[in-house]
Amino acid sequence: IKTYGDVLKRLGWKPKAGESEKDSLLRNIAIRFMGFAEHKESIQKVLRLLDDYANGKQLHPDMRSAVFSVAASSDNSVYGRLIRIYERSDSPEEKRQVLGALGGFKDPELLKSALNFAISKNVRMQEVSLAIAYVSGNPAAREILLDWAGKNWKKLESYKRSHAIFIHILES
């Protein structure tokens with residue numbers, strides 16, 4: 001924690017004009033690590049950043065993925081905010097970042113909700129397999145994934161018309 005905490009102190013939580021790509025990536029890694037280590041102050045900062053962003057303030061694009069992911073893995077109550085961010089976004093990159101974060105919840109019921117969202121009309125067909133892959137990579141999904149797939153098989157089968165997407169879903 002000390003090493004990554006020191007990195008965040010040195011770099012700050014906000015990117016600076018003209019900073020190197022290395023510093024931007026290092027900040028992202030440090031935020032993710034601090035969340036993984038369950039560092040309370042860092043998680044609180046991430047949750048404030050997410051709340052501010054959900055309420056219309058800016059969040060640097062280089063930080064979104066880390067903020068979304070740490071928030072999801074730390075606080076179940078952010079699910080609705082992430083869905084709203086997804087729905088209001090025009091950016092495919094940001095939508096993929098939200099889908100990735102939705103796969104990081106620890107609550108199996110929220111993971112089922114994320115899977116159901118993935119096969120809803122809100123998610124582009126080409127993103128469905130990505131969303132399912134994010135959830136399937138989460139150890140908390142082990143208990144629910146096969147049951148969910150069985151219950152939703154008809155919908156999943158509808159992706160057969162796009163052979164590649166269907167294969168990616170099966171591989172997930």
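Attention here is on the structure that accompanies the text.

The rules behind these values
Residues numbered from 1 in each chain as written. Predicted model: local features only at pLDDT ≥ 70, side-chain atom pairs only at ≥ 80, totals over all residues. Heavy atoms only, no water. Helix = DSSP H or I, 4+ residues; strand = E, 2+ residues; numbered from the N terminus. Buried < 20%, exposed > 50% of the residue type's maximum accessible area, 1.4 Å probe, protein only. Axes fitted to C-alpha atoms, helices over the stretch in contact; angles between N-to-C directions. Parallel < 35°, antiparallel > 145°, perpendicular 65-115°, else oblique. Left-handed = near helix turned anticlockwise from the far one by under 90°. Contact = heavy atoms within 4.5 Å. Nonpolar A, V, L, I, M, F, W, Y, C, P; charged D, E, K, R; others polar. Salt bridge = Lys/Arg side-chain N within 4 Å of Asp/Glu carboxyl O.

1. Concerning the environment of Ala30
Item 1. Mapping Ala30 onto the fold places it in helix 2 (residues 21-36).
Item 2. Overall, Ala30 belongs to the buried group, its relative accessible area being 0%.

2. Concerning the packing of helix 5 (residues 79-88) against helix 6 (residues 92-102)
Item 1. It is at 9 Å that the axes of helix 5 and helix 6 come closest, and there the two elements cross at 160°. Here helix 6 runs roughly antiparallel to helix 5, going by the angle between their axes. Relative to helix 6, helix 5 is oriented so that their crossing is left-handed. On the side of helix 5, the interface is formed by Tyr79, Leu82, Ile83, Ile85 and Tyr86, while helix 6 contributes Glu94, Lys95, Val98, Leu99, Ala101 and Leu102.

3. Regarding the packing of helix 2 against helix 4 (residues 61-74)
Item 1. Between helix 2 and helix 4, the least distance of the axes is 9 Å, while the angle of their chain directions is 5°. The orientation of helix 2 with respect to helix 4, classified from their angle, is roughly parallel. Here helix 2 contributes Ser24, Arg27, Asn28, Ile31, Arg32 and Gly35 to the contact with helix 4, which in turn contributes Asp62, Met63, Ser65, Ala66, Ser69 and Val70.
Item 2. When the residues that make up the contact of helix 2 with helix 4 are grouped by side-chain class, the tally is four nonpolar, five polar and three charged.

4. A closer look at the pattern of salt bridges
Item 1. Enumeration over the complete set of coordinates arrives at nine salt bridges.
Item 2. One salt bridge connects Asp6 with Lys2, and the closest N-O pair in it is separated by 2.8 Å. With Asp6 and Lys2 both in helix 1 (residues 2-11), this residue pair falls four residues apart, about one helical turn.
Item 3. Owing to a relative accessible area of 33%, Asp6 belongs among the partly exposed residues under this scheme.
Item 4. Where Glu127 meets Arg96, a salt bridge forms, and the shortest distance between an N and an O atom there is 3.4 Å. Taken together, the residues Glu127 in helix 8 (residues 125-136) and Arg96 in helix 6 connect sequence positions 31 residues apart.
Item 5. With relative accessibility at 32%, the residue Arg96 sits in the partly exposed group.
Item 6. The structure contains a network of salt bridges with shared partners spanning Arg96, Arg124 and Glu127.

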